[in-house]
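# Architecture at a glance
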Amino acid sequence: MSTAVPPRVRGRRTRALILDRAVDLFAERGFDQVNVAAIAAAAGAHPNQITYYFGSKDALFVHAAFLMLLRDAARLEPIGRRQRTPAAFRAALSRTALALPSLPAVVEAMSITRRRPELRTLAEQNLTVLFRQAEHYLTAILTRRGWSVDRPPEVEARTFWSAVLGARLIAESGYPGTSADVDVAGVLTVHD
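Calculation notes
Residues numbered from 1 in each chain as written. Predicted model: local features only at pLDDT ≥ 70, side-chain atom pairs only at ≥ 80, totals over all residues. Heavy atoms only, no water. Helix = DSSP H or I, 4+ residues; strand = E, 2+ residues; numbered from the N terminus. Buried < 20%, exposed > 50% of the residue type's maximum accessible area, 1.4 Å probe, protein only. Expected span 1.5 Å × (residues − 1). Contact = heavy atoms within 4.5 Å. Axes fitted to C-alpha atoms, helices over the stretch in contact; angles between N-to-C directions. Parallel < 35°, antiparallel > 145°, perpendicular 65-115°, else oblique. Nonpolar A, V, L, I, M, F, W, Y, C, P; charged D, E, K, R; others polar. Salt bridge = Lys/Arg side-chain N within 4 Å of Asp/Glu carboxyl O. Core = buried A, V, L, I, M, F, W, Y, C linked by side-chain atoms within 4.5 Å.

A word on the overall build of the protein chain. A count of helices and strands for the protein chain gives nine helices and zero strands. Listing every helix and strand of the protein chain by position from the N terminus yields α-α-α-α-α-α-α-α-α. Over its C-alpha atoms, taken along the principal directions, the protein chain stretches across nearly 60 × 50 × 25 Å. Here the protein chain, with 192 residues, has 42% of them falling under the buried criterion.

What follows concerns helix H4 (residues 57-74). Look at H4: 26 Å from first C-alpha to last across 18 residues, which is about the 26 Å you get at 1.5 Å a residue. The buried fraction of H4 amounts to 14 of the 18 residues, a majority that puts the element mostly inside the structure.

Moving on to the side chain of Thr 113. Relative to the helices and strands, Thr 113 is located in helix H7 (residues 103-115). Among all residues touching Thr 113, those that are not within four sequence positions of it are Val 62, Leu 119, Arg 120 and Ala 123.

With that settled, consider the packing of H4 against helix H8 (residues 120-145). Look at H4 against H8: their axes get within 10 Å of each other, and the N-to-C directions meet at 5 degrees. With respect to H8, the element H4 is oriented roughly parallel. Side by side, H4 and H8 meet where Ala 59, Val 62, His 63, Phe 66, Leu 69, Leu 70 and Ala 73 of the first sit next to Leu 122, Ala 123, Asn 126, Leu 127, Val 129, Leu 130 and Gln 133 of the second. Tallied by class, residues from the contact of H4 with H8 come to eleven nonpolar, three polar and no charged.

This brings us to the pattern of salt bridges. Enumeration over the complete set of coordinates arrives at seven salt bridges. Among the ionic pairs, Glu 28 bridges to Arg 29, the shortest N-O distance being 3.7 Å. Judged by its relative accessible area of 61%, Glu 28 falls in the exposed class. One salt-bridge network, in which partners are shared between bridges, spans Asp 58, Arg 116 and Glu 118.

Another point: the nonpolar core. Formed by 59 residues in total, the largest nonpolar core has its most connected members in Phe 26, Ile 39, Leu 60, Phe 160 and Trp 161. At the level of secondary structure, the elements contributing two or more residues to this core comprise helix H1 (7-29), helix H2 (36-43), helix H3 (47-54), H4, helix H6 (86-98), H7, H8 and helix H9 (153-172). When residues of this core are assigned to their parent elements, the largest contribution, eleven residues, is made by H4. Excluding its chain neighbours within four sequence positions, the residues that come into contact with Leu 60 are Ile 18, Leu 19, Ala 22, Phe 26, Ile 39, Ile 50 and Phe 54.

Right under this line is the structure:
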């Protein structure tokens, strides 16, 4: 009986390891300071495997940036669950979301997809996952607390994340101030 790992399983593991190491390196150094060779070395892979599994450094970065954001967004859930009033919920979620370390990477990834139309579907898919997760979370909070929103939860979730990403984009563009200067809590309509 053979104990060898089937090639398809090895391939999935290699792809996942490359993505995990890319997340670490991009989070630590940023897009411009990481090259394909460094990612490959960190993953114990060959540089051509990055091209094989992801197509390009740009595509790998888009994957990695959104993975970082999805992981970071999950950190919002327990923070929101601890809040006892709608006002505290809106403020805590907004403050925490604006401080997520993955936001600069996602803004950069979205900029890359603007220049690389073949990557737009990837960004769209990841934004869809983000919005759906946020909608499910919001729906659960509303049910648990007996709170309401003035628009459908899916619109509330998209509006919130659009405001968060927009605030970060403005801050990254060099406009004076920070993303915290935007009233993201004000876009949420959560109330008793």
